[in-house]
There are 2 protein chains.
Amino acid sequence: MTVYKVKGMTCAGCARAIERAIRKQVTGNPAVEVDLEKGEVQVGNDADPQIVNFAIEGLGYQVEAVR
Amino acid sequence: MTVYKVKGMTCAGCARAIERAIRKQVTGNPAVEVDLEKGEVQVGNDADPQIVNFAIEGLGYQVEAVR
């Protein structure tokens, strides 16, 4: 899994919105897991990081780090 | 403006995500205003309500009423 550190994701509604946007925009039905407390989104390695970034930032959240 | 009563929109992050999704998915650059306390999203009348619904529900929020 690739871990995206996301800023501004503060409630369960945010978490769900981000998960949905990634699933919709990234091809190949990637695994997505959100850890709200850590402010992290984990996405399957086969997902294109640029598309994942685009999906998250398109909703107004900021991707601070990818590892 | 058309008013969409939205369930599950609980923080500023949600509000921004919904606003962004509507702007991206509805053609014609509609006016969008979110009232977080009331749980309402106002969208310009020229916007297709089906597309607005689709944008909101696509993020996992529930549209309870349109007026």
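Residues numbered from 1 in each chain as written. Chains lettered and ligands numbered in written order. Predicted model: local features only at pLDDT ≥ 70, side-chain atom pairs only at ≥ 80, totals over all residues. Heavy atoms only, no water.

> How should I be thinking about the UniProt feature "domain: HMA" (unreviewed entry) in chain A in this particular structure?
When the UniProt feature table is mapped onto this chain numbering, "domain: HMA" (unreviewed entry) sits at residues 1-64 of chain A. This span, residues 1-64 of chain A, is 38% helix and 27% strand, and a straight line between its end C-alpha atoms measures 17 Å. (UniProt positions renumbered as here; feature names shortened; annotations may be inferred. Helix = DSSP H or I, 4+ residues; strand = E, 2+ residues; numbered from the N terminus.)

> So what exactly am I meant to see when it comes to the interface of chain B and chain A here?
Interfaces are often described in size by the accessible area the parts lose on coming together. Between chain B and chain A, the contact holds 15 residues from the first and 15 residues from the second. Between chain B and chain A, roughly 1200 Å² of surface is buried when both sides are summed, and carbon and sulfur atoms account for 50% of that area. Of all residues in chain B, Arg-20, Lys-24 and Leu-59 of chain B give up the largest surface area on contact with chain A, accounting jointly for 33% of the area buried on that side. Counting the contacts that link chain B with chain A gives zero salt bridges. Broken down by secondary-structure element, the contributors of at least two residues to the side of chain B that touches chain A are helix 1 (12-25) and helix 2 (49-58) of chain B. The element that contributes the greatest number of residues to the side of chain B that touches chain A is helix 1 of chain B, accounting for seven residues. For the side of chain B that touches chain A, the class distribution of residues is six nonpolar, five polar and four charged. (Contact = heavy atoms within 4.5 Å. Buried area = accessible area lost by both parts, 1.4 Å probe. Salt bridge = Lys/Arg side-chain N within 4 Å of Asp/Glu carboxyl O. Nonpolar A, V, L, I, M, F, W, Y, C, P; charged D, E, K, R; others polar.)

> Is there a simple way to explain the nonpolar core in this structure?
Side chains of a nonpolar character, in soluble globular proteins, are inclined to be buried together. Counting 40 residues, the largest nonpolar core has Ile-22 of chain A together with Ile-22 of chain B as the members making the most contacts within it. Within the residue set of this core, elements represented by two or more residues are strand 1 (2-7), helix 1 (12-25), strand 3 (40-43) and helix 2 (49-58) of chain A together with strand 1 (2-7), helix 1, strand 3 (40-43) and helix 2 of chain B. Residues contacting Ile-22 of chain B, with those up to four places away along its chain left out, are Pro-30, Val-32, Val-41, Val-43, Val-52, Ala-55 and Ile-56 of chain B. (Core = buried A, V, L, I, M, F, W, Y, C linked by side-chain atoms within 4.5 Å. Buried < 20%, exposed > 50% of the residue type's maximum accessible area, 1.4 Å probe, protein only.)

> Hey, could you run me through the packing of helix 1 of chain B against helix 2 of chain B in this one?
In a pair of packed helices, the angle between the axes and the distance between the axes together describe the arrangement. Residues and elements named next belong to chain B. Their axes nearest at 9 Å, the elements helix 1 and helix 2 cross at an angle of 135 degrees. The pairing of helix 1 with helix 2 is recorded here as oblique in orientation. The element helix 1 and its partner helix 2 pack so that their crossing is right-handed. Note on element contacts: helix 2 touches helix 1 through Ile-51, Val-52, Phe-54, Ala-55 and Ile-56, opposite Ile-18, Ala-21, Ile-22 and Gln-25. (Axes fitted to C-alpha atoms, helices over the stretch in contact; angles between N-to-C directions. Parallel < 35°, antiparallel > 145°, perpendicular 65-115°, else oblique. Left-handed = near helix turned anticlockwise from the far one by under 90°.)

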